[in-house]
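Next come the chains, spelled out residue by residue.
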Amino acid sequence: MAQRQEYDVCIIGSGAGGGMAAYALTKAGARVVMLEAGPKWFASHDSKMMVPSYATPHRGAAIHGRPFGEFDACDGGWEIDGEPYTRAPGTNFSWWRARMLGGRTNHWGRISLRFGPDDFRGKTLDGLGDDWPIGYDDVKPYYDNIDRLIGLFGSNEGLRNHPDGIFMPPPTPRCHELLVKKASDSLNITCIPARLSVITKPLNGRQACHYCGECNRGCQVKANFSSPDVLIDPALKTGKLTLITNAMAREVTVGPDGLANGVSYIDKNTGADEHVRARVVVLSASACETARLLLNSKSSKFPNGLANSSGMAGKWLTDTTGASVSGFIPSMVDHIPHNHDGVGGMHVYMPWWLDNKKLDFPRGYHIEVWGGAGQPSSGFMGGIQRYNGGGYGKQLKADYRKYYGATIGFDGRGEMIPNEASYCELDPTTVDKFGIPVLRFHWKFAEHEYNQAKHMQETFRSLIAAMGGTVFSPMPTREQNYGLAAGGTIIHELGGARMGSDPSKSVVNANCQAHDVKNLFVADGSPFVTQADKNPTWTILALAWRTSDYITQQRKAGAI
């Protein structure tokens, strides 16, 4: 019988971390196999970027499998047929899964923020959570590499804990964003050009953004970042990457020596159990899915799950905090018709601007801005009656034209402090349609997060008042959690295989290498020690590249 091929590296997952690892490792000469639970999908070929909502079956409304719109680039959601998860009593947590090549990089808003120096040493500063075993200077060279390879726009502002980068020119603020900037200045809230991984100049064969505003559908000209077009496609062109799609990973297998020797998976097309052999395994399945794989990878050597001698697999989960407020802005009514086009996202944003020592919560948040009159879709404006408009026929159309674009909204995205009550574990009785035990979630916010959400609400309402506007909804009470979004709904969950110097308190070391299994690595959001008030993708990419370089060094040295 012929010996099955053994790859140098097997990567599970194809999102930001998996795509970055595939790019870096194949460029370094490794023979890599990538397992992806969903089908192949490249925005450059498969996007419905230019189909107008009025010409679609559901007028752009959400459909099953695409809760953000029928042509949203990401196939997945908080509920997937045949792939349940459970919640412990009292838990309000929802788990988003992407099931396609590129994972969540097809969905995210491309907000590309570096963690700052303080974000790696929160415990030193305020005594809460834990410090990372690495600092900003360890990650900075990889942030720089990513800026050059992937590209992003922004502006250098010299804000100490919001590090500058290698930016392309930012797009000009749109009308509603100029109004937001004016209101922010009046309230001494820092407001600067947004930082999004959408290129405004050609880069590495990719065209500059043409401002169609449909980034969420995937970009046919590759102007915005997604893992398939920007990382996996170049990796495939090296001839070193083998891509296996519709492959649902079941467990990482180990040999008699206790080292990882491959991955068992289910071929979703045939239902057959398969196995791929590899000398090194990289978990990039997303924070909770990586924790699930570790916990399901049990053996006589690892009875509590692979790389889990510390019992920390699945522990210390966090999600970005979120609260939102929108309002009616009379000065935007009956505006002069003009082009509101731009990138598929904001052109300005507000990084954290205050000193937490003077507040009743310990960590900050940034503010995201939305508004304007982009392409309307089903349910746009939330109903004309909110503006005292309506009627039938000609009057109804006139009111829609009059009031469209007169809404401005703010979303807060802040840092949750890790706590012992927020974690995932294997459900003792429930399995998915593949027979794999599913996760059971436990979740708890602290007063830190509720007070932060209250501050968000008050800030956003002050901004709307400064623009002469009226808020659509009353101020939520403490009993309503001040409008704090439920765990998992911001889709930034991190932790579950956190890094640390002490093997008894962490899963991986500073190089994202498992303490217990030297040829097992993690390259997604699960090694994160803390959240920060920044979206995590840019840091996932940076750490994945850093870990890939370490794998290359270790392979050359014969250590793995």
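In case you missed it, the structure is sitting above this.
Residues numbered from 1 in each chain as written. Predicted model: local features only at pLDDT ≥ 70, side-chain atom pairs only at ≥ 80, totals over all residues. Heavy atoms only, no water.

A.B. asks: I tried to follow the packing of aromatic side chains on my own but got confused; where do I start?
C.D. replies: Summed over all chains, the structure comprises 31 aromatic pairs. With 5.6 Å between their ring centres and 65° between their planes, F68 and W96 make a pair best called edge-to-face. Of this pair, F68 sits in the loop between α2 (43–46) and β3 (76–77) while W96 sits in the loop between β4 (86–87) and β5 (97–98), and the two are 28 residues apart along the sequence. Owing to a relative accessible area of 41%, F68 belongs among the partly exposed residues under this scheme. (Phe/Tyr/Trp six-rings, centres within 6.5 Å; stacked < 30°, edge-to-face > 60°. Helix = DSSP H or I, 4+ residues; strand = E, 2+ residues; numbered from the N terminus. Buried < 20%, exposed > 50% of the residue type's maximum accessible area, 1.4 Å probe, protein only.)

A.B. asks: Just checking my understanding: could you explain the environment of G414 for this structure?
C.D. replies: Among the secondary structure elements, G414 is positioned in strand β14 (residues 407–414). If we skip the residues at most four places from it in the chain, G414 touches T320, T321, G364, Y365, Q452, M456, A532 and D533. (Contact = heavy atoms within 4.5 Å.)

A.B. asks: Where do I start with the packing of helix α1 (residues 16–27) against helix α10 (residues 537–556) in this structure?
C.D. replies: Two packed helices can be described by the angle between their axes and the distance between those axes. Interaxial distance between α1 and α10 falls to 8 Å at its minimum, and their mutual angle equals 35°. As for the relative orientation of α1 and α10, their crossing is right-handed in sense. Touching A16, G17, M20, A21, A24 and L25 of α1 are T537, I540, L541, A544, W545, S548, I551 and T552, all from α10. Of the residues that constitute the contact of α1 with α10, the class distribution is 10 nonpolar, four polar and no charged. (Axes fitted to C-alpha atoms, helices over the stretch in contact; angles between N-to-C directions. Left-handed = near helix turned anticlockwise from the far one by under 90°. Nonpolar A, V, L, I, M, F, W, Y, C, P; charged D, E, K, R; others polar.)

A.B. asks: Any chance you could explain the layout of surface pockets here in plain terms?
C.D. replies: With a probe scaled to a water molecule rolled over the atoms, the places where space remains empty come into view. In this structure, the second largest pocket spans a volume of roughly 670 Å³. Along the walls of the second largest pocket sit 27 residues, with D118, N161, W352, L354 and N356 positioned nearest its centre. Class assignment for the residues of the lining of the second largest pocket results in nine nonpolar, seven polar and 11 charged. (1 Å grid on protein atoms, 1.4 Å probe; cavity = no way out; pocket = protein on both sides within 12 Å on 5 of 7 lines; lining within 4 Å. Points joined across faces, edges and corners; volume = space filled by probe spheres on them.)

A.B. asks: I'm lost on the sheet that holds strand β12 (residues 348–350) in this one. Help?
C.D. replies: Taken in spatial order, the six strands line up as β6-β12-β13-β14-β11-β17 in an open sheet, and their pairing is antiparallel. Only two strands of the sheet have a single neighbouring strand rather than two, namely β6 (192–193) and β17 (470–471). Alignment of β12 against strand β13 (residues 365–371), held across two bridges, turns out to be antiparallel. Note that in β13 the partner of M350 across the bridge is I367. (Pairing = 2+ DSSP bridges.)

A.B. asks: For this particular structure, what's the right way to read the sheet that holds strand β16 (residues 437–442)?
C.D. replies: Working definition: the strands of a sheet are paired by backbone hydrogen bonds and lie parallel or antiparallel to each other. Spatially, three strands are ordered β4-β16-β15 in an open sheet, and the strand pairing comes out mixed. Two strands bound the open sheet, and with one partner strand each, they are β4 and β15 (423–431). Strand direction decides the pairing type here: β4 and β16, joined by two bridges, are parallel. What sits directly across from R87, in β16, is F441. Against the sheet, helix α7 (residues 287–296) engages β15 and β16, with an angle of about 120° to β16.

A.B. asks: Honestly, the state of the cysteines in this entry has me stumped. Any pointers?
C.D. replies: What is meant by a disulfide is a covalent connection between two cysteines, made through their sulfur atoms. Per the stated rule, a full pass over the model turns up zero disulfides. For C215, which is in no disulfide, the shortest distance to another cysteine sulfur is to C209 and amounts to 5.7 Å. Assessed through its relative accessible area of 10%, C215 is described here as buried. Cysteine C424 remains unbridged, with the sulfur of C288 as its closest cysteine sulfur at 4.9 Å. (Disulfide = S-S within 2.5 Å.)

A.B. asks: So what exactly am I meant to see when it comes to the nonpolar core here?
C.D. replies: Membership of the largest hydrophobic core comes to 134 residues, with the highest contact counts inside it found for I12, F410 and L520. The element that contributes the greatest number of residues to this core is α10, accounting for nine residues. With near-sequence residues (within four places) excluded, I12 lies in contact with L35, A249, V252, V263, V282, L283, S284, A285 and L293. Among the nonpolar cores identified, the runner-up in size contains 19 residues, and L113, I192, L203 and A223 belong to it. (Core = buried A, V, L, I, M, F, W, Y, C linked by side-chain atoms within 4.5 Å.)

A.B. asks: I'm lost on empty space enclosed by the protein in this one. Help?
C.D. replies: Enumeration according to the criterion identifies four cavities of 30 Å³ or more in this entry. The computed volume of the largest cavity comes to approximately 70 Å³. Lining the largest cavity are 15 residues, with C209, C212, G213, C215 and C219 sitting closest to its centre. Classifying every residue of the lining of the largest cavity by side-chain character gives 10 nonpolar, four polar and one charged.

A.B. asks: I'm lost on the pairing of strand β1 (residues 6–12) in this one. Help?
C.D. replies: Both faces of the sheet carry side chains from a regular strand, because those side chains alternate between them. Most of β1 is tucked away, with six of its seven residues classed as buried. Alignment of β1 against strand β2 (residues 32–35), held across four bridges, turns out to be parallel. Counted as the bridge partner of V9 is V32 from β2.

A.B. asks: What's the story with the side chain of R195 in this structure? I'm lost.
C.D. replies: Its location among the elements puts R195 in the loop between β6 and α6 (227–237). Looking at R195, the relative accessible area reads 4%, which means it is buried. Within polar-contact distance, the side chain of R195 engages the side chain of D164 at 3.2 Å. (Polar contact = N/O pair within 3.5 Å; in protein donor to acceptor, adjacent residues only side chain to side chain.)

A.B. asks: Just checking my understanding: could you explain unusual backbone geometry for this structure?
C.D. replies: Even without being glycine, S286 reaches a positive phi, approximately 95°. Turning to its location among the elements, S286 is positioned in the loop between β10 (273–283) and α7. When its relative accessible area of 19% is taken as the criterion, S286 is described as buried. Residue N481 is not a glycine yet carries a positive backbone phi of 60°. Within the secondary structure layout, N481 lies in the loop between β17 and β18 (520–522). Using a relative accessible area of 28% as the deciding quantity, one classes N481 as partly exposed.

A.B. asks: What's the story with the packing of α1 against α6 in this structure? I'm lost.
C.D. replies: Viewed as axis vectors pointing N to C, α1 and α6 meet at an angle of 25°, and their least axial separation amounts to 8 Å. Judged by the angle between their axes, α1 and α6 are roughly parallel. Helix-helix and strand crossings are classified by hand; for α1 and α6 the assignment is left-handed. Listed contacts from α6 to A16, G19, M20, A22, Y23, T26 and K27 of α1 are S227, L231, I232, P234 and A235. Per-class residue counts for the contact of α1 with α6 are eight nonpolar, three polar and one charged. (Parallel < 35°, antiparallel > 145°, perpendicular 65-115°, else oblique.)

Honestly, it's all geometry; don't read function into it.
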